[in-house]
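Report on the structure
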Amino acid sequence: MGIPGLTGFVEESGAFLTELRLRDTKLVIDGSSLYHRLCFASALDFRRGGDYGPFAAAVGDFFGSLRACRVAPFVVLDGGRGADDRKLPTLRGRAAERLRAAHGLSRGDGGCLVPLLTREAFVQALGRLGVPFVQCFAEADREIAGLANRWGCPVLSLDSDFCVFDLAGGYCPLSHFQWQSLCAAEGAQGCYVPARCFFVEKFCRHFSRLNRSLLPLFAVMSGNDYVDLAALEVFFSTVRLPRGCGAGKRGKHARLQGLLRWLAQFAEPTEAVDSVLQCLKKHQREEIRELLCASMEDYTPSDVNLEDFFQNGKYECEAARKADLPQWVLDALAKGKLAPFISDALILRSTFLHVQVENMQRPSAHSTALPIRQVIYGLLLKVSQNAEAASPGKQTNELPVVCEFDRLQKTLKKTFVQAASLPTDFCDDHFPLDKLMKVPMSCRQMLLLKTLGVKMSFLESIPSHLQLPVAVTCYWICCSEPKVKLHQLKALLLMIVSGELHRITNDPDPTVVRAEGDSIAYNEFLKWKEKKLQNTGFDLDAAHSFCQWQCCLQMGLYLNQLLCTPLCEPDLTRLYNGTLVHRLHQELKSTPSVENLFSSSPKMTQLYQVLLSTVESTVSPDFFQEITKTKSEFCKKKKASSKKKKAIRCAVPETQYLCNVNRFASLGVDD
């Protein structure tokens, strides 16, 4: 994020940061930076799909520290990509980086990768903690800067773009925000968070009193998330930049320092832009001028009034108005009740599917959830279906198409997916997207459950807050390829039961009655967790299967949210723990008695049995039986499979069918 090299330059110099004792103030927080920082700080193992409980605990501790110092936090999250989609090349590059990191982790290399549902777990944690937050319509930086200047308070982030915005209260890098080391002050002032703060004025003073209005031009010329101007290399090779001195290691940040000192000779940006253009070919100048000036606008604080949102719940911005989305959708996006995935699909007809640590030789884990996504696309895009069908050259029965960016083995590819055609109740003129909330709850619930292949009668014995994850698990069992193994299912359900046991035994509500058996079972579970595993190996096939489950859960959550939650939204922090589910799976293979882990609690034992019987009832009785083959049968099958693969490689691979379970899954693949 931000300007390449600038964070390192600021960190190494030490001259641009001011000591700050943060207390008794408002604080505008870049939500994306914060959840990435807390995720990487709280995770010990990035290979097993995320431990959302420890992550949520870190989020709680962070805001607890702010509360102790009487700091009022306001979290601002990025939204979708925006109608102009200017960051698409940058986002594709980042997706490719994540794919390389995931592949490295799958082979046992080091590295970090944000687990799939981290953002959703963060939003849920903010809601539970009562922390005010807003999800912007697109990129949040300008709106963060606008709100901070309105209040005169600092911005907390880890994005060097905030070194360019002229922020009255300064920019506090998360790397210097010591929220875990609160200090007590003398007298009645109370404790504070030791921090360091960047101020534009101090930075500009260091470079011959550089005019701060030139910093946006500096950012654009240095390259940011929006601009990578190869044409400016001619400028850098032509102009002799002043040599930097004093700040930073010699030579490491020479271009940044030289550019800042070169810009210091100009009184204002227009004069500097004219000088830059003199180095370029004449036919390039006007185009580059327009691009530079437009990109510099990205560092002007937004006029969106986020204060109005935090006071009255009203979010208004010009880009959202131009998108012409239903008001309830705009409100739900701003309140984080719909994910940016939804706005990207609706506005751009394009989405990114984030890679996990999975088996790269197999189809993407997201392919299992394709039919759910197709229903989401059908709900979002049916409003314009009639208009498209009526346009010249279109067939009347043509369905809308969405471009998905996902992996194909170890490469990022874009795939075109047809939206699903929906039941009549949702397709006729009575219920376009703007009236989706008026569809009877029973109809919305029916569509959700029909998509997941489950009847409500199957779920009646399940606690309401677990009905959605159980329905998703039934879908996962039926649609996953390769087939889910019984040990994997049992490990997943035992993990869910452990989350329930944790919820019951740690619930602060004094009215909740705790059975003695629950406390005994929980203590036994904690002792079991403390034991060291004999085999700590990483089962990539099991990891792939659990990745598929998370993909199905993510899209199940999104569909449930889009249908205005006909089922309760589950608490992700108690629903998935990658380290635990992998350990349970490992031990179930060697020690089947682990299935009786919660036998001291009749309530938890019954819950486990109900969950298992509910899921098993959706498949045939012999579904989990291992089919044993003779050696000759195995060799014949292997030989035939090898020939088939060779034939497929020799055939033209431009078109692939990534899901043969669903009738809408004819997909074209492109780079």
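Conventions we followed
Residues numbered from 1 in each chain as written. Predicted model: local features only at pLDDT ≥ 70, side-chain atom pairs only at ≥ 80, totals over all residues. Heavy atoms only, no water. Axes fitted to C-alpha atoms, helices over the stretch in contact; angles between N-to-C directions. Helix = DSSP H or I, 4+ residues; strand = E, 2+ residues; numbered from the N terminus. Parallel < 35°, antiparallel > 145°, perpendicular 65-115°, else oblique. Left-handed = near helix turned anticlockwise from the far one by under 90°. Contact = heavy atoms within 4.5 Å. Nonpolar A, V, L, I, M, F, W, Y, C, P; charged D, E, K, R; others polar. Buried < 20%, exposed > 50% of the residue type's maximum accessible area, 1.4 Å probe, protein only. Arc of directions from axis to C-beta. Salt bridge = Lys/Arg side-chain N within 4 Å of Asp/Glu carboxyl O. Phe/Tyr/Trp six-rings, centres within 6.5 Å; stacked < 30°, edge-to-face > 60°. Lys NZ or Arg CZ within 6 Å of the ring centre and 35° of its normal.

A separate point is the packing of helix 17 (residues 370–381) against helix 25 (residues 540–562). Axis separation between helix 17 and helix 25 bottoms out at 9 Å; the angle between their running directions is 25°. Put simply, helix 17 runs roughly parallel to helix 25. Note that helix 17 runs across helix 25; the crossing there is left-handed. Contact with helix 17, carried on its side by Ile-372, Arg-373, Val-375, Ile-376, Leu-379 and Leu-380, involves Cys-552, Met-555, Gly-556, Tyr-558, Leu-559 and Leu-562 of helix 25 and no other residues of that element. Looking at the contact of helix 17 with helix 25, its residues break down into 10 nonpolar, one polar and one charged.

It is worth spelling out the packing of helix 22 (residues 467–479) against helix 27 (residues 602–616) at this point. Viewed as axis vectors pointing N to C, helix 22 and helix 27 meet at an angle of 40°, and their least axial separation amounts to 9 Å. Between helix 22 and helix 27, the crossing angle belongs to the class labelled oblique. Considering the relative orientation of helix 22 and helix 27, their crossing is right-handed. Every residue of helix 27 that contacts helix 22 at Val-470, Thr-473, Cys-474 and Ile-477 is listed here: Leu-611, Thr-614 and Val-615.

Buried within helix 1 (residues 6–13) we find Leu-6, Phe-9, Val-10 and Ser-13. The buried residues of helix 1 occupy one face: seen down the axis, they fall within an arc of 95°. Packing partners of the buried residues in helix 1 comprise strand 1 (17–22), strand 8 (191–198), helix 7 (200–206), helix 8 (215–222) and helix 10 (254–263).

This part covers the pattern of salt bridges. Summed over the entire model, instances satisfying the criterion amount to 24 salt bridges. A salt bridge links Arg-212 to Asp-166, with the shortest nitrogen-to-oxygen separation between them at 3.1 Å. Linking Arg-212 in the loop between helix 7 and helix 8 with Asp-166 in the loop between strand 5 (155–157) and strand 6 (171–173), this pair joins segments that are 46 residues apart in sequence. Arg-212 gets classed as partly exposed once you look at its relative accessible area, which sits at 36%.

Taken as a whole and judged by the stated rule, the model has 30 aromatic pairs. Relative to Phe-122, the ring of Tyr-35 has its centre 5.5 Å away and its plane inclined at 45°; by these criteria the two rings are tilted. A residue pair is termed long-range when its members are at least 10 positions apart, and Tyr-35 in helix 2 (residues 31–42) and Phe-122 in helix 5 (residues 118–129) qualify at 87 residues. One exposure class covers both Tyr-35 and Phe-122, and it is buried. Each ring, one from Phe-352 and one from Phe-405, has its centre 4.6 Å from the other, and the planes form 15°; the classification is stacked. A residue pair is termed long-range when its members are at least 10 positions apart, and Phe-352 in strand 9 (residues 350–352) and Phe-405 in strand 10 (residues 401–408) qualify at 53 residues. Summarising the burial analysis for this pair, Phe-352 and Phe-405 share the class buried. Above the ring of Phe-236, the side-chain terminus of Arg-255 is found at 3.9 Å from the ring centroid. Its end group placed over the ring of Phe-623, Lys-483 keeps NZ or CZ at 4.8 Å from the ring centre.

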